[in-house]
Amino acid sequence: MAISVQNLIKERKYPFIFSLLALILITSLLLTKTQSPIAFTLDLVQSLSQSTSPSPPPLVQISPTSNPGPGQPPPVHDPLRWSLCNGAVAADYIPCLDNFKAIKALKSRRHMERKERHCPERSPRCLVPLPRGYRVPVPWPKSRDMIWFDNAPHPKLVEYKKDQNWVRKSGEYLVFPGGGTQFKDGVTHYIEFIEKTVPVIEWGKHTRVILDVGCGVASFGGYLLDKDVITMSFAPKDEHEAQIQLALERGIPATLSVIGTQKLPFPDNVYDLIHCARCRVPWESDGGKPLVELNRILRPGGFFVWSATPVYLNDERHQTIWNSMVALTESICWKVVAKGVDSSGIGLVIYKKPVSSSCYETRKDNIPPMCDQNNGQNISWYTPLDSCLAPLPVDGMGNSYIWPAPWPKRLTSKPPHLSSERDAEEIFYEDTEHWSALVLDVYLEGLAINWSSVRNVMDMNAGYGGFAASLRDMPLWVMNVIPVNGPDTLSVIFDRGLIGIYHDWCESFNTYPRTYDLLHSSFLFKNLTQRCDIIEVAAEMDRILRPGGFVLVQDTVEMINNLTPIFRSLHWSVDLHQEQFLVGKKGFWSPDNRSKI
């Protein structure tokens, strides 16, 4: 039949074709009551068009031709057809970090440019394959200490760090003993040594939000969770193979980033403490720009803990680095509050950032110079590193910056970075109450989400962080994402004792595939549709979501209707609640690579 129809079309005998279609339609009405004649005819027309034309069928029919039943998402008519990503790194593909063509064309590699973001002109629409033997991740808290090897099959780090007790392979598992280059007596001992050295650090009360630079497999941040401390661990995608992937597979907060030529995607003055244990960053390079960048994001009165060989080794090479560090930290008015060596022979120095700009004004040499505040911006997205110092913040009365309330009170207290505009405080408290009620009454009770399987959560449009704050008592953590084209509330999120990052959802996120259990989106997509294709955003969501993970979208009815067929084309199970909450669950399906998108 298909061959004869093709011949008829080639001969342009259209009256005969339409008569044939009418006959088939009447026959189908007589023979079946279970299949819609309209749908059947559409299917036939689609098959004819595919057989006679080399061009692909429509990607998706967004507007449904019939209304769904109560509580049911709209039907899918023309499903998207996906293909697998290919290449040597396909299973671990990160589009903006694996753009090898752009990396090869770089004019310079002196400042880690090759590790920075180089996104393809158009976001990919392929789906990443699963590693052979992939299975549902080990649940938290067991995952902190062991994960399935097949989920992140990278043995190179095991061999490279075998003498430092970072990670070892044991049967089907990768096991994390809590060691590290600087943690010879274990990470717990090291954490306690820091607090004993400077008691005012007071883990989990005064110090709540920290950044771990060059974090390895993030054991430092993982064990600080026991102290009620949330750590943003970061490292570049490097030659040791998937350190950040291992951290996220363990259920520990982490992201891929590097201090190269651009600012880190965090606001000014937000981290309570920054930590570097042999992180291999040359702080004194390029006029001290890497350390000036840490100064930018460190909260006034915050601490920098540097545990590295120049602190405690006295040979000429290490002392040269130490002397450079002394000059650099003095130039930005950091004071040494402690320097010592623990029982294992590992030394560290702890610096404190000033709380006011008065020290900057009394320096003999204005190096680094003060920044021009007329050109200042808080959103750091593709922004070159500063070589200047920004004046430290003051309140409306000109008083020095005030540290947030002790944790957990700071979660619900007025944030120091909250806008001074009229009604801002009232809006903040109303937002907090709104999310508390919504999560309790709807998210935790009325939706088809198995919260006991959720550990790594991302809020794609976080606002004030109310969603994350309402989940405080759950055994999970939330990466709060602030889109760069919307209101900048990320400083408020950090003031509350939560973590977050800037991002543009028209590009890929800096994380490995299969690293989040739940993606939450509240009214994100309206602005995105004006700038990029939501099909590509959905492909990115599929990339970073673990099999068995959930997507929770709150949006307009129109946007829910647009997203549903896209999610279903990914073979996600889809449920609709109250016509505004769409829950998708990802399975283990992957395309057979016979169709292209």
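Details of the structure are given in the entry above.
Numbers given to residues run from 1 along each chain, matching the order in which its sequence is written. This being a predicted model, a pLDDT of at least 70 is required before a residue's local features are given, and a value of 80 or more before pairs of side-chain atoms are given or counted; all residues contribute to the totals for chains, interfaces and linings. The side-chain values count all of the structure's non-hydrogen atoms but skip hydrogen atoms and water molecules.

Caption draft 1: How the structure looks around the sheet that holds strand 13 (residues 499–503). For two strands to pair, DSSP has to find at least two bridges joining them. Numbering of helices and strands starts at the N terminus; helices are DSSP runs of H or I of at least 4 residues and strands are runs of E of at least 2. Strand order in the open sheet formed by 7 strands is 13-12-11-14-15-17-16, with mixed pairing between adjacent strands. Looking along the sheet, the strands with just one partner apiece sit at the ends: strand 13 and strand 16 (573–577). The sheet shows a mean angle of 20° between the axes of neighbouring strands, direction not considered. Note that strand 12 (residues 477–483) and strand 13 share 5 bridges and pair parallel. What sits directly across from Met 479, in strand 13, is Ile 499. Here, residues are in contact when the closest pair of their heavy atoms is within 4.5 Å. Under this scheme, a helix contributes an axis fitted over its contacting stretch, all axes are lines through C-alpha atoms, and angles between N-to-C directions fall in the 0 to 180 degree range. Packing of helix 13 (residues 424–443) onto the sheet brings it into contact with strand 14 (516–522), strand 15 (545–554), strand 16 and strand 17 (581–585), and relative to strand 15 it is tilted by some 120°. On the sheet, helix 17 (residues 534–544) packs against strand 11 (456–459), strand 14 and strand 15 and is oriented at approximately 135° with respect to strand 15.

Caption draft 2: Quick look at empty space enclosed by the protein. Note on definitions: the grid is 1 Å and covers protein atoms alone; a cavity is a set of points where a 1.4 Å probe fits but cannot get out; a pocket is an open set with protein on both sides within 12 Å along at least five of seven lines; lining residues have an atom within 4 Å of a point. Grid points are joined across faces, edges and corners, and a volume is the space filled by probe spheres set on the points. With the rule as written, the count across this model stands at 4 cavities of 30 Å³ or more. Here the largest cavity defines a volume of roughly 270 Å³. Around the largest cavity sit 21 residues that line it, and Arg 117, Leu 256, Ser 257, Pro 265 and Asn 510 are the ones nearest its centre. The set of elements that each furnish at least two residues to the lining of the largest cavity consists of strand 6 (254–256) and strand 13. For the lining of the largest cavity, the element with the most residues is strand 13, which contributes 3 residues. By the convention adopted, Pro, Cys, Tyr, Trp, Phe, Met, Ile, Leu, Val and Ala count as nonpolar, Lys, Arg, Asp and Glu as charged, and the other residues, Gly among them, as polar. When its residues are assigned to classes, the lining of the largest cavity shows 10 nonpolar, 6 polar and 5 charged. Taken as a whole, the second largest cavity encloses approximately 130 Å³ of empty space. Surrounding the second largest cavity, 19 residues form its lining, Ser 123, Pro 124, Glu 536, Ala 539 and Glu 540 being those nearest its centre. Considered class by class, the residues forming the lining of the second largest cavity number 12 nonpolar, 2 polar and 5 charged.

Caption draft 3: Examining the packing of helix 17 against helix 18 (residues 557–569) more closely. At a minimum axis distance of 10 Å, the contact between helix 17 and helix 18 shows a crossing angle of 55°. Taken together, the axis directions place helix 17 and helix 18 in an arrangement best described as oblique. Where helix 17 crosses over helix 18, the two elements pack in a sense that is right-handed. Of the residues in helix 18, those touching helix 17 at Ile 534, Ile 535, Ala 538 and Met 541 are Met 559, Asn 562, Leu 563, Ile 566 and Phe 567. For the contact of helix 17 with helix 18, the residue count by class is 8 nonpolar, 1 polar and no charged. Relative orientations are named as follows: roughly parallel for angles under 35 degrees, roughly antiparallel for angles over 145 degrees, roughly perpendicular for angles from 65 to 115 degrees, and oblique for any other angle. Crossing handedness is defined as follows: a turn of the near helix away from the far one that is anticlockwise and smaller than a right angle gives a left-handed crossing, while the clockwise case is right-handed.

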